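The lines below spell out each chain.
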Amino acid sequence: MHYHSEGKIPQKRHTQFRQPNGTLYSEELFSTEGFHDKYSILYHINPPTRITQVGDPIDVAPVKASNKELKHRCLNGFKVAPVDDYLESRKVVLFNNDCRMSLAAPKTGTKDYYFKNADCDEVIFIHKGSGTLQTNYGILKFSYGDYVVVPRGTIYQINFDTEDNRLLIVESTAPITTPQRYRSEYGQLMEHSPFCERDIVKPTLPEPIDERGNFKFFIKKKDKLYPYEYLDHPFDVVGWDGYHYPYIFSIHNFEPITGRVHQPPPVHQTFDTKGFVICSFVPRLYDYHPLSIPAPYFHSNIDSDEVLYYVDGDFMSRKHVEQGMITLHPGGIPHGPHPGTIEKSIGAKGTEELAVMVDTFSPLFMTKDAVSIEDPSYYKSWLD
Ligand SMILES: [Fe+2]
């Protein structure tokens, strides 16, 4: 992320900054990684600390369906049932200590509560639907194809324009960044990066809300949801600046890197974090060597579990693909094109495929929600 500022801030940090009535604004330093990483400074009308109620925590820790993870898997993601409430709609399907991958079909948003994920950064990929994310840093409007990146600790409400929504939510216990190799020593996205700062949509800060009441929160910490109530409206920020804030990057703005022969998955990398990477497969021209084979080779990425979430378009290397489908190809056993797709790809000029890939460096586990939407015969699909 790069430096951004919204609203009113004082000329110098940690100095007197007064409201029109003469009282001081409440300065809040929001830091990550123990004051050593990105931070922002927010200015509130009221102190952000006036808690009126703390309820009993609700356990939301994902539970392993089994320990037998070394098997190719296929999940029919659109079979996840629509659920009225946003938080209840989030169904973890795959997880390990570094990440949680959830599918969600919320019919409505957060309604009368605010949510804060104190455990993880979130990437909310909008497969279907549109709406608004309201946060303490401002408002972001999202639509189909957006990666809505919500760093840990962001207070938000999410609202949708209709009831027909499909989300892929990836949570990371470590901060999510853009790939280091695309950034200069000053943090700028360089010329060889498939996207740049102009493609990053920042929040717009509306007028602050100075209200008192019982503002309900759910705060997620160590896989528990804590019901909280605060006296002051959380969106009372008059200004902020820094590097820590939610933003949107649309998959449609990812400029694909192509070559004479098949390019490896890292050219599709969009986000980076300690335990995994997120990649975007977007419509692009195929390889242009006269003897090129556009379909990928069989591959054995021995150290990574590879998750592919199919969004739209054709998929030249797979058969029977539907929107919202997830395949999991675990490290340890090879995978690759389905029978017939290698020959079929030769001579093709381009692809319209759109997919999100998550490669984790530790094995993933399935939950019961994943088992309930699994195609159990998938691991035999290379016999077709
Ligand atoms: Fe693969």
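Before any of the text, the structure's been laid out above.
### Considering the overall build of the chain
- A tally of helices and strands in the chain yields three helices and 28 strands.
- A globule of 384 residues ought to have a C-alpha radius of gyration of about 21 Å, and the chain, at 22 Å, matches this closely.
- C-alpha atoms of the chain, sized along the principal axes, occupy 75 × 45 × 35 Å.
- The burial tally for the chain puts 53% of its 384 residues in the buried class.
- With the model as given, the accessible surface of the chain reaches about 17,900 Å², and the carbon-plus-sulfur share is 53%.
- Distance between charge centres in the chain, computed from 40 positive and 50 negative side chains, equals 3 Å.

### With respect to the coordination of the iron ion
- Those donors, His299 (NE2), Glu306 (OE), Glu306 (OE) and His335 (NE2), are the protein atoms that reach the iron ion, and they lie 2.0 to 2.3 Å from it.
- With four donor atoms in place around the iron ion and angles of 59 to 166° between them, the coordination shape is irregular.

### Things to note about empty space enclosed by the protein
- Enumeration according to the criterion identifies six cavities of 30 Å³ or more in this entry.
- By volume, the largest cavity is sized at about 80 Å³.
- Around the largest cavity, the lining comprises twelve residues; the ones closest to its centre are His262, Gln263, His268, Arg284 and Asp287.

### Things to note about the nonpolar core
- Among the nonpolar cores identified, the biggest contains 46 residues, and Leu94, Tyr147, Ile278 and Val356 are the most heavily contacted of them.
- With near-sequence residues (within four places) excluded, Val356 lies in contact with Phe125, Tyr147, Leu168, Ile251, Ile278, Cys279, Val307, Leu308, Tyr309 and Val311.
- Core analysis: the next-biggest nonpolar cluster, separate from the first, contains 19 residues, Tyr113, Ile126, Leu133 and Ile158 among them.

### Quick look at a nonpolar patch on the surface
- There is a patch of nonpolar side chains on the surface, built from Leu29, Phe35 and Tyr39 and spanning about 320 Å² of accessible area.
- As for its placement among the helices and strands, Leu29 is situated in strand β2 (residues 26-31).
- For Leu29, a relative accessible area of 37% corresponds to the partly exposed category.

### So, the packing of aromatic side chains
- Within the structure shown, the criterion is met by 22 aromatic pairs.
- An aromatic cluster of three or more residues is present, and its members are Phe125, Tyr147, Phe195, Phe249, Phe254, Phe271 and Tyr309.
- In this arrangement the basic side chain of Lys64 is found over the ring face of Phe365, its NZ or CZ atom lying 4.3 Å from the centre.
- One cation-aromatic arrangement involves Arg166 over Phe78; the distance from NZ or CZ to the ring centre is 4.9 Å.

### Things to note about unusual backbone geometry
- Despite not being glycine, Lys222 shows a phi value in the positive range, around 50°.
- Among the structural elements, Lys222 can be located in the loop between β17 (212-221) and β18 (224-232).
- Note on Lys222: relative accessible area 65%, which makes it exposed.
- Positive phi, close to 60°, is recorded for Asp223, a residue that is not glycine.
- As for its placement among the helices and strands, Asp223 is situated in the loop between β17 and β18.

### With respect to the side chain of Thr360
- With respect to the helices and strands, Thr360 occurs in strand β27 (residues 354-360).
- Judged by relative accessible area, which is 1%, Thr360 ranks as buried.
- In terms of polar contacts, Thr360 uses its side chain to reach the backbone carbonyl oxygen of Ser362, at 2.8 Å.
- Filtering out sequence-adjacent residues up to four positions away, Thr360 remains in contact with Asn96, Cys99, Met101, Gly275, Phe276, Asp303, Ser304 and Asp305.

### Some words on the sheet that holds strand β8 (residues 99-104)
- One open sheet holds the eight strands; their spatial order is β16-β20-β13-β10-β15-β8-β7-β28, and the pairing between them is antiparallel. The sheet is open, and its two borders are formed by β16 (200-201) and β28 (365-366), each paired with just one other strand.
- Taken together, the two bridges between β16 and strand β20 (residues 247-250) define a ladder with antiparallel strand orientation. For Ile200, the partnering residue across the bridge sits in β20 and is Phe249.

### As for the state of the cysteines
- This model, assessed by the stated rule, comprises zero disulfides.
- Note on Cys74: no disulfide assigned, nearest cysteine sulfur contributed by Cys99 at a separation of 18 Å.

### Some points on the sheet that holds strand β21 (residues 269-272)
- Pairing is antiparallel across the open sheet formed by six strands, whose spatial order is β6-β25-β24-β27-β22-β21. The two strands at the open ends of the sheet, each matched to only one other strand, are β6 (73-76) and β21. For this sheet, the mean inter-axis angle between neighbouring strands, taken without regard to orientation, is 20°.

Basis of the calculations
Residues numbered from 1 in each chain as written. Predicted model: local features only at pLDDT ≥ 70, side-chain atom pairs only at ≥ 80, totals over all residues. Heavy atoms only, no water. Helix = DSSP H or I, 4+ residues; strand = E, 2+ residues; numbered from the N terminus. Rg over C-alpha atoms; globule rule 2.2 N^0.38 Å. Buried < 20%, exposed > 50% of the residue type's maximum accessible area, 1.4 Å probe, protein only. Areas by Shrake-Rupley, 256 points an atom, 1.4 Å probe, with all protein chains shown as cover. Lys, Arg positive; Asp, Glu negative; His and termini not counted. Charge placed at Lys NZ, Arg CZ, Asp CG, Glu CD. Donors = N, O, S within 2.8 Å, 3.2 Å for Na, K, Ca; no water. Tetrahedral: all angles 85-135°; square planar, octahedral: opposite > 155°, others 65-115°. 1 Å grid on protein atoms, 1.4 Å probe; cavity = no way out; pocket = protein on both sides within 12 Å on 5 of 7 lines; lining within 4 Å. Points joined across faces, edges and corners; volume = space filled by probe spheres on them. Core = buried A, V, L, I, M, F, W, Y, C linked by side-chain atoms within 4.5 Å. Contact = heavy atoms within 4.5 Å. Patch = residues over 30% accessible without salt bridge, like charges linked within 9 Å, V, L, I, M, F, W, Y side chains within 5 Å. Salt bridge = Lys/Arg side-chain N within 4 Å of Asp/Glu carboxyl O. Phe/Tyr/Trp six-rings, centres within 6.5 Å; stacked < 30°, edge-to-face > 60°. Lys NZ or Arg CZ within 6 Å of the ring centre and 35° of its normal. Polar contact = N/O pair within 3.5 Å; in protein donor to acceptor, adjacent residues only side chain to side chain. Pairing = 2+ DSSP bridges. Disulfide = S-S within 2.5 Å. Axes fitted to C-alpha atoms, helices over the stretch in contact; angles between N-to-C directions.

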